[in-house]
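Here is how the chains run, residue by residue.
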Amino acid sequence: MRRILVPCDFSAAAKHAFEFAVEMAAATGGHVLVLRVMQAPTIFGNGMPGQPYTAVDPISRIDEWMEYSEKEFEKMKNKSLRGPARAELLLETGYVNDVIGDVIKREKIDLVMMGTDGASGLKAFFIGSHTEKIVRASAVPVMAVHGPFHMEQVKNIIFPTNMELDQKPLVKQIKELQTLFGAVIHLLYINGFPFSLESDQEAQQKLEDYALFYDLKNYTVHVSRGLNIEQGILKYARRIPNSIIAMGTHGHKGLAHITEGSVAEDVVNHLTEPVWTYVMQ
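Cut-offs and rules
Residues numbered from 1 in each chain as written. Predicted model: local features only at pLDDT ≥ 70, side-chain atom pairs only at ≥ 80, totals over all residues. Heavy atoms only, no water. Core = buried A, V, L, I, M, F, W, Y, C linked by side-chain atoms within 4.5 Å. Buried < 20%, exposed > 50% of the residue type's maximum accessible area, 1.4 Å probe, protein only. Helix = DSSP H or I, 4+ residues; strand = E, 2+ residues; numbered from the N terminus. Phe/Tyr/Trp six-rings, centres within 6.5 Å; stacked < 30°, edge-to-face > 60°. Salt bridge = Lys/Arg side-chain N within 4 Å of Asp/Glu carboxyl O. Pairing = 2+ DSSP bridges. Axes fitted to C-alpha atoms, helices over the stretch in contact; angles between N-to-C directions. Contact = heavy atoms within 4.5 Å. Expected span 1.5 Å × (residues − 1).

Draft legend 1. Up close: the nonpolar core. Membership of the largest hydrophobic core comes to 51 residues, with the highest contact counts inside it found for F20, M24, M113 and M143. It is helix α1 (residues 12-28) that contributes the most residues to this core, eight residues altogether. Formed by 32 residues, the second largest nonpolar core is a distinct cluster that contains L33, A144, I190 and A237.

Right under this line is the structure:
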């Protein structure tokens, strides 16, 4: 987690994400790249049929946008940058999600840090937040920050799991998070969704076996129930202060996303704790 990308619009949410990223980079001797994306302006024709005319000068718009972005970045950096962490500004044009994907590959990014205000109701179903879409598509872990949050606050990592034994890349990443924060891992299994004949005691023993299989240290195991998986996670997270949620997602897209949804995306949208996600291949 030495190269951290922060997509940024200089909103309060984005600034919170930058501050948290700077703290993580300072702890690892890492590098923060702040990405500001402008959708490329459409250049219209000269008023002939099929070519509507606009008096907007796209070059001047880009120049103004660049000047504003550079000033805001300097203010943000001067306020938050500390220790050995380094930060630089990347200015790109294009569609936000596409640009982020390209930058992740080009800059060899280890982690995407995003500020979010979440989304709810019909907006969440039909539109979602930029953060939700990045969670679904990112080739590297994404951490969503919902407000001011600092490294010293992280004492616990809540790790919801289905207890499958083919998750070595995911568990390896979570172990690295644990080392970085010096936190306790709380293995969490949501029982009874949609129906389960397995007792909580049986599920708890399986969690112990899961921890043994992956050689986890400094952990606890918990079985929770809820109306659905998201509600079970929410119910448990309210009991554990100073925590982040760390979970895998299958990154459903298209029709599969509509019909099956993604618990990780729902959690990002509806919990106030920072949420770290990793797309499992």
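Draft legend 2. Seen up close, the packing of aromatic side chains. Across all of its chains, the model carries seven aromatic pairs by this definition. The interplanar angle of 25 degrees and the centroid separation of 6.3 Å between the aromatic rings of F20 and F181 together place this pair among those described as stacked. Taken together, the residues F20 in helix α1 and F181 in helix α6 (residues 168-181) connect sequence positions 161 residues apart. The pair formed by F20 and F181 is uniform in burial state, with each residue classed as buried. Taken together, the ring pairs connect F159, Y210, F213 and Y214 into an aromatic cluster.

Draft legend 3. Looking closely at the pattern of salt bridges. Under the defined criterion, the tally for this structure stands at eight salt bridges. Put simply, K71 and E67 hold a salt bridge, and the shortest N to O gap is 3.3 Å. You can see K71 and its partner E67 sitting in helix α2 (residues 58-80), four residues apart, about one turn around the helix. The class for K71 is exposed, based on a relative accessible area of 52%. For K75, the salt bridge is made with E72, and the minimal N-O distance between the two is 2.8 Å. Here K75 and its partner E72 are both found in helix α2, three residues apart, which amounts to about one turn of the helix. What you see here is one network of salt bridges that share partners, running through R3, E92, R106 and E107.

Draft legend 4. Up close: the sheet that holds strand β1 (residues 3-7). The mixed open sheet is built from 10 strands, whose spatial order is β3-β2-β1-β4-β5-β10-β9-β6-β7-β8. Strands with a single pairing partner mark the edges of an open sheet, and in this sheet they are β3 (86-93) and β8 (219-224). Neighbour to neighbour, the strand axes of the sheet diverge by 25 degrees on average, direction disregarded. Across the face of the sheet, α6 comes into contact with β5 (142-145), β6 (156-160), β7 (184-190), β9 (243-249) and β10 (275-279) while running at roughly 150 degrees to β10. Sitting on the sheet, helix α8 (residues 229-237) is in contact with β6, β7, β8 and β9, with an inclination near 145 degrees to β7.

Draft legend 5. Local environment of helix α7 (residues 200-213). The end-to-end C-alpha separation of α7 is 20 Å, in line with the 20 Å expected for 14 residues at 1.5 Å each. For α7, the secondary structure elements touched by its buried residues are β6, α6, β7 and β8. Note on α7: the residue one or two positions beyond its end, D215, has a positive phi of about 55 degrees.

Draft legend 6. Looking closely at the pairing of β9. Counting buried positions over the seven residues of β9 gives six, a clear majority of the element. Bridge analysis of β9 against β10 gives five bridges, and the strand direction is parallel. Counted as the bridge partner of A246 is W276 from β10.

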